[in-house]
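Tertiary structure, described
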Amino acid sequence: KQEVTQIPAALSVPEGENLVLNCSFTDSAIYNLQWFRQDPGKGLTSLLLIQSSQREQTSGRLNASLDKSSGRSTLYIAASQPGDSATYLCAVMGNNNDMRFGAGTRLTVKP
Amino acid sequence: KAGVTQTPRYLIKTRGQQVTLSCSPISGHRSVSWYQQTPGQGLQFLFEYFSETQRNKGNFPGRFSGRQFSNSRSEMNVSTLELGDSALYLCASRTGTANYGYTFGSGTRLTVV
């Protein structure tokens with residue numbers, strides 16, 4: 001059974017700092033990996049989708065990498081802003097169309 | 001292009017009652033999945049429907065059921081509500097193949113009293 005772990009559980013940084021969120025998974029047989037953002041009490045907003053054949057994806061200040069062999073993905077946020085404060089979730093799609101989520105990293109960016 | 005629409009946004013029910021939640025996927029998306037989110041358990045997969053058939057199911061009791069209509073809209077039903085069913089219920093849709101990511105709705109906040 002796929003297990004997805006996100007470290008750290010919470011992170012607080014000053015505005016302007018570059019930061020890295022980590023995601024690890026136990027089964028490397030995946031179709032894709034998706035990073036989401038969730039604001040309190042709201043739904044999930046998709047940030048980046050990485051196919052199993054890809055190594056990274058970029059969107060604006062966000063860059064996500066995937067290393068299937070080691071079961072790891074990182075989400076890099078450049079020049080963080082207070083508006084980036086949210087919970088970031090990593091989700092892995094397995095062979096059985098089952099998407100497994102990590103517990104998330106709660107990010108606070110202080111002005 | 002409209003996103004995934006979930007109704008209602010908020011619900012308050014009494015223990016023992018039943019509830020039905022609705023999800024309208026993005027036009028053209030044939031797969032609809034349901035998730036339960038609680039502070040203690042995080043996001044847990046309930047089930048996935050594709051072309052009116054349940055394609056995958058999580059580890060929830062039979063009180064949780066769902067269905068999908070020919071227009072891809074989906075409903076989720078919970079019978080005999082328990083206090084522990086209080087959660088944010090999220091619906092997500094995608095085209096149907098694993099190569100494409102999910103788009104989530106804003107969720108239905110269910111409170112059981």
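Definitions and cut-offs
- Residues numbered from 1 in each chain as written.
- Chains lettered and ligands numbered in written order.
- Predicted model: local features only at pLDDT ≥ 70, side-chain atom pairs only at ≥ 80, totals over all residues.
- Heavy atoms only, no water.
- Helix = DSSP H or I, 4+ residues; strand = E, 2+ residues; numbered from the N terminus.
- Buried < 20%, exposed > 50% of the residue type's maximum accessible area, 1.4 Å probe, protein only.
- Contact = heavy atoms within 4.5 Å.
- Areas by Shrake-Rupley, 256 points an atom, 1.4 Å probe, with all protein chains shown as cover.
- Lys, Arg positive; Asp, Glu negative; His and termini not counted.
- Charge placed at Lys NZ, Arg CZ, Asp CG, Glu CD.
- Pairing = 2+ DSSP bridges.
- Axes fitted to C-alpha atoms, helices over the stretch in contact; angles between N-to-C directions.
- Core = buried A, V, L, I, M, F, W, Y, C linked by side-chain atoms within 4.5 Å.
- Buried area = accessible area lost by both parts, 1.4 Å probe.
- Salt bridge = Lys/Arg side-chain N within 4 Å of Asp/Glu carboxyl O.
- Polar contact = N/O pair within 3.5 Å; in protein donor to acceptor, adjacent residues only side chain to side chain.
- Nonpolar A, V, L, I, M, F, W, Y, C, P; charged D, E, K, R; others polar.
- Phe/Tyr/Trp six-rings, centres within 6.5 Å; stacked < 30°, edge-to-face > 60°.
- Lys NZ or Arg CZ within 6 Å of the ring centre and 35° of its normal.

**Some words on the overall build of chain A**
Along chain A, the regular secondary structure elements total zero helices and eleven strands. Based on the C-alpha atoms only, the size of chain A along its principal axes is roughly 40 × 25 × 20 Å. Within chain A, the fraction of its 111 residues that count as buried is 44%. In chain A, 53% of the contacts between residues at least 6 apart in sequence involve partners at least 24 apart. Accessible surface, chain A: about 5,200 Å² in total, of which carbon and sulfur atoms supply 46%. Chain A carries 10 positive and 9 negative side-chain charges, and their two centres are separated by 3 Å.

**Considerations on the sheet that holds strand E8 (residues 74-78) of chain B**
All names here are of chain B. On the basis of which strands lie adjacent, the open sheet formed by four strands has the order E1-E3-E8-E7 and antiparallel pairing. At either end of the open sheet lies a strand with only one pairing partner, and these are strand E1 (5-7) and strand E7 (64-68). Averaged over all neighbouring strand pairs, the angle between strand axes comes to 20°, with direction disregarded. The pairing of E7 with E8 spans five bridges and is antiparallel. Considered in E8, the bridge of Ser65 is made with Asn77.

**Examining the nonpolar core**
Ranked by size, the top nonpolar core spans 22 residues in total, and within it Phe25, Leu33, Trp35, Leu75, Ile77, Tyr88 and Leu107 of chain A carry the most contacts. Elements represented by at least two residues in this core include exactly strand E3 (19-25), strand E4 (30-38), strand E5 (44-51), strand E7 (62-67), strand E8 (72-77), strand E9 (86-94) and strand E11 (105-110) of chain A. Setting aside anything within four residues of it in sequence, one finds Leu33 of chain A in contact with Cys23, Phe25, Leu48, Leu49, Ile50, Leu66, Ser73, Cys90, Ala91 and Val92 of chain A. Of all hydrophobic cores here, the second largest spans 21 residues; its members include Leu11, Val19, Phe47 and Val78 of chain B.

**Considerations on the interface of chain B and chain A**
The figure often quoted for interface size is the accessible area lost as the parts come together. With 20 residues of chain B at the interface, the matching set in chain A holds 19 residues. Buried surface at the junction of chain B and chain A, summed over both partners, amounts to about 1,500 Å²; 51% is from carbon and sulfur atoms. For the pair chain B and chain A, the number of links is zero salt bridges. At the boundary of chain B with chain A, the tally comes to three residue pairs in polar contact (both at pLDDT 80 or more). Looking at the side of chain B that touches chain A, the elements that each hand over two or more residues are strand E4 (31-38), strand E5 (42-50), strand E6 (53-57) and strand E9 (87-94) of chain B. Residue composition of the side of chain B that touches chain A, grouped by class: nine nonpolar, six polar and five charged.

**What to know about the packing of aromatic side chains**
All told, the structure shown has nine aromatic pairs over all chains when counted by the stated rule. Ring geometry for Phe101 of chain A against Tyr35 of chain B: centres 5.3 Å apart, planes inclined by 85°, an arrangement best described as edge-to-face. A residue pair is termed interchain when its members come from two chains, as with Phe101 of chain A in strand E10 (residues 99-101) and Tyr35 of chain B in strand E4. This pair shows no difference in class: Phe101 of chain A is buried, exactly as Tyr35 of chain B is. Seen in terms of ring centroids, Tyr35 of chain B and Phe104 of chain B are 5.8 Å apart; in terms of plane orientation they differ by 45°. Their pairing is tilted. On the criterion of sequence distance, the pair formed by Tyr35 of chain B in strand E4 and Phe104 of chain B in strand E10 (residues 103-104) is long-range, its members being 69 residues apart. Summarising the burial analysis for this pair, Tyr35 of chain B and Phe104 of chain B share the class buried. One aromatic cluster is present, formed by Phe36 and Phe101 of chain A together with Tyr35, Phe45, Tyr102 and Phe104 of chain B through successive ring pairs. The side chain of Arg55 of chain B reaches across the aromatic face of Phe50 of chain B, ending 4.5 Å from its centre.

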